[in-house]
Amino acid sequence: MQEYISYKNIQIAFTVEGKGKTIVLLHGFLESSSIWKNIVSAFKETHQVITIDLLGHGKTDKLGYIHSMETMAETVNAVLAEMKVEKASFIGHSMGGYVVLAFAEKFPQKIEKLILLNSTTVADSEERKENRDRAKRLVKQNKQAFISMAIKNLFTDANRNKLRNEIHVLVEEAIQLPEENIIASVEGLKNRKDRTAILQQYSGKKVIIAGKNDPVVPFTEIQAIAEKTNSTFICFEGGHMSYLENQEELTEELKKIL
Ligand SMILES: O=C(O)CCC(=O)CC(=O)O
């Protein structure tokens with residue numbers, strides 16, 4: 001069911017399905033809660049599943065000029081407070097994973113299990129920060145071209161053709177986002193801090209799920225982070241979009257974890 005809360009004079013959109021222990025699902029950059037439909041279906045008979053549209057995405061409004069991971073984590077906490085959820089398991093895809101880590105820094109006691117999906121704990125390198133600045137310029141020049149390229153680049157070459165309908169849906173949805181919303185999130189991504197130590201310190205169950213050919217999160221880098229942070233490591237043949245590229249395997253693995 002689609003719901004909203006008011007937070008600092010803006011609307012935060014979220015959905016709630018099912019009953020039981022709570023799972024919170026956080027999407028990536030340019031995505032929305034809609035990416036989770038298969039995972040929601042797989043878990044709503046056994047869990048309460050909450051999906052949240054992060055700042056400036058989906059049906060959630062923009063808030064200021066920078067959507068920092070910390071502010072996004074505060075909005076997640078506001079939704080949980082509204083739902084009277086004291087503890088939940090979190091799955092964060094890509095940027096959603098950065099938000100889970102920011103949440104873990106502020107509210108570690110509210111996390112039962114922490115799952116990073118195609119995400120990382122490290123901050124942007126200098127080169128990556130320059131790419132973010134280029135992205136902001138491109139969004140201003142030609143938003144549609146930027147979105148189309150950014151989304152296609154998240155998939156492996158082989159899956160780009162196989163999943164062209166799914167890619168089309170993602171692109172069409174992202175094109176609805178106002179330019180300033182996209183730029184506020186790019187700014188937040190660029191300025192996020194390294195939270196490897198936060199994951200290291202988190203003492204509950206922690207899992208990192210990675211794609212061997214992920215073009216955003218280098219496989220060897222994330223494998224090393226999993227080892228360093230003592231996280232369970234699961235990897236798939238595929239790119240950055242495991243929830244589409246490895247749909248069945250992912251659901252199977254999540255059922256074992258949750
Ligand atoms: O660029 C990043 O660091 C995150 C990208 C992201 O969230 C892409 C996505 O999965 O939609």
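Look above for the structure.
Residues numbered from 1 in each chain as written. Predicted model: local features only at pLDDT ≥ 70, side-chain atom pairs only at ≥ 80, totals over all residues. Heavy atoms only, no water.

**Student:** Explain the packing of aromatic side chains to me, please; I cannot follow it from the model alone.
**Tutor:** For any pair of aromatic rings, the description rests on two quantities: the centre-to-centre distance and the angle between the ring planes. According to the stated counting rule, one finds four aromatic pairs in the structure shown. Where Phe 103 meets Phe 107, the ring centres are 4.9 Å apart and the plane angle is 50°; that geometry is what we call tilted. Residues Phe 103 and Phe 107 agree in their burial class; the two are buried. Each member of the aromatic cluster is reached from another via a ring pair, and the members are Phe 90, Phe 103 and Phe 107. The cationic tip of Lys 110 hangs over the ring face of Phe 107; the distance from NZ or CZ to the ring centre is 4.8 Å. If you follow Lys 255 out to its NZ or CZ, it ends over the ring of Phe 43, 5.9 Å from the centre. (Phe/Tyr/Trp six-rings, centres within 6.5 Å; stacked < 30°, edge-to-face > 60°. Buried < 20%, exposed > 50% of the residue type's maximum accessible area, 1.4 Å probe, protein only. Lys NZ or Arg CZ within 6 Å of the ring centre and 35° of its normal.)

**Student:** Help me understand the packing of helix H2 (residues 69-82) against helix H3 (residues 95-106), please; the structure alone is not making it clear to me.
**Tutor:** To characterise two packed helices, one gives the angle between the axes of the helices and the distance between these axes. Relative orientation of the contacting elements H2 and H3 amounts to 75°, with a least axis distance of 8 Å. Our classification of the angle between H2 and H3 gives roughly perpendicular. Contacts between H2 and H3 pair Met 69, Glu 70, Met 72, Ala 73, Glu 74, Val 76, Asn 77 and Leu 80 from the former with Met 95, Tyr 98, Val 99, Ala 102, Phe 103 and Lys 106 from the latter. Of the residues in the contact of H2 with H3, the class split is ten nonpolar, one polar and three charged. (Axes fitted to C-alpha atoms, helices over the stretch in contact; angles between N-to-C directions. Helix = DSSP H or I, 4+ residues; strand = E, 2+ residues; numbered from the N terminus. Parallel < 35°, antiparallel > 145°, perpendicular 65-115°, else oblique. Contact = heavy atoms within 4.5 Å. Nonpolar A, V, L, I, M, F, W, Y, C, P; charged D, E, K, R; others polar.)

**Student:** Please explain the pairing of strand S4 (residues 47-52) as it appears in this structure.
**Tutor:** Regular strands have side chains that alternate between both faces of the sheet. The element S4 is largely enclosed, with a buried count of six among its six residues. Burial along S4 is two-sided: the face carrying His 47, Val 49 and Thr 51 and the face carrying Gln 48, Ile 50 and Ile 52 are both buried. Examined bridge by bridge, strand S2 (residues 10-17) and S4 share four bridges and lie antiparallel to one another. Pairing of Val 16 across the sheet is with Ile 50, part of S4. Of the pairings in the sheet, the one linking strand S3 (residues 21-26) to S4 comprises six bridges and is parallel in character. Its bridge partner lying in S4, Val 24 is registered against Ile 50. What joins S3 to S4 is helix H1 (residues 37-43), and the crossover it makes is right-handed. (Pairing = 2+ DSSP bridges. Right-handed = clockwise from strand over helix to strand, strands pointing away.)

**Student:** Explanation requested: unusual backbone geometry in the structure shown.
**Tutor:** Among all residues save glycine, negative phi is the norm, and among peptide bonds the norm is trans. One non-glycine residue, Ser 94, lies in the positive phi region at around 55°. The backbone of Asn 118 shows a phi angle near 50°, a positive value even though the residue is not glycine. Relative to the helices and strands, Asn 118 is located in the loop between strand S6 (111-117) and helix H4 (126-141).

**Student:** Looking at this model, I keep getting lost on the sheet that holds S3. Mind explaining?
**Tutor:** Strands belonging to one sheet form pairs held by backbone hydrogen bonds; the direction of such a pair is parallel or antiparallel. If you walk across this open sheet you meet the eight strands as S1-S2-S4-S3-S5-S6-S7-S8, and the pairing is mixed. Edge positions in the sheet fall to strand S1 (2-7) and strand S8 (232-236), since each of these pairs with one other strand and no more. Strand-to-strand twist across the sheet, computed as the mean angle between neighbouring axes with direction ignored, equals 20°. Against the sheet, H2 contacts S1, S2, S3, S4 and strand S5 (88-93), and its axis sits at roughly 115° relative to S1.

**Student:** Can you help me understand the packing of helix H5 (residues 143-152) against helix H7 (residues 164-175) in this one?
**Tutor:** One can describe the packing of H5 onto H7 by two numbers: an axis separation of 10 Å at closest approach and a directional angle of 145°. As H5 runs across H7, the sense of the crossing is right-handed. Contact residues: H5 offers Lys 143, Gln 144, Ile 147, Ser 148, Ile 151 and Lys 152, while H7 offers Ile 167, Leu 170, Val 171, Ala 174 and Ile 175. (Left-handed = near helix turned anticlockwise from the far one by under 90°.)

**Student:** How do you make sense of the site of the ligand when you look at a structure like this?
**Tutor:** The local shell around the ligand consists of Gly 28, Phe 29, Glu 31, His 93, Ser 94, Met 95, Tyr 98, Arg 128, Arg 132, Leu 154 and His 240. Take Arg 128: an N or O atom from its side chain is 3.1 Å from an oxygen atom of the ligand. Contact distances for the ligand include 3.1 Å between an oxygen atom and a side-chain N or O atom of His 240. Contact with the protein chains covers 95% of the free accessible surface of the ligand, which is 320 Å². The set of elements that each furnish at least two residues to the shell around the ligand consists of H3 and H4. The class makeup of the residues in the shell around the ligand is four nonpolar, four polar and three charged. (Near = heavy atom within 4 Å. Polar contact = N/O pair within 3.5 Å; in protein donor to acceptor, adjacent residues only side chain to side chain. Areas by Shrake-Rupley, 256 points an atom, 1.4 Å probe, with all protein chains shown as cover.)

**Student:** Quick question: what am I supposed to make of the pairing of S5 here?
**Tutor:** In terms of residue burial, S5 counts as a mostly covered element, since six of its six residues are buried. By the bridge criterion, four bridges tie S3 to S5 in an arrangement that is parallel. In the sheet register, Ile 23 faces S5, and the bridge partner there is Ser 89.

**Student:** Would you mind showing me how to read the nonpolar core here?
**Tutor:** For soluble globular proteins, the rule of thumb is that nonpolar side chains tend to be buried together. Core analysis: the biggest nonpolar cluster contains 89 residues, and Leu 30, Ile 209 and Leu 254 have the highest contact counts within it. Considering each element in turn, this core owes the most residues, eight residues, to H3. Residues contacting Leu 30, with those up to four places away along its chain left out, are His 57, Phe 146, Ile 147, Ala 150, Ile 151, Ala 174, Leu 177 and Ile 182. (Core = buried A, V, L, I, M, F, W, Y, C linked by side-chain atoms within 4.5 Å.)

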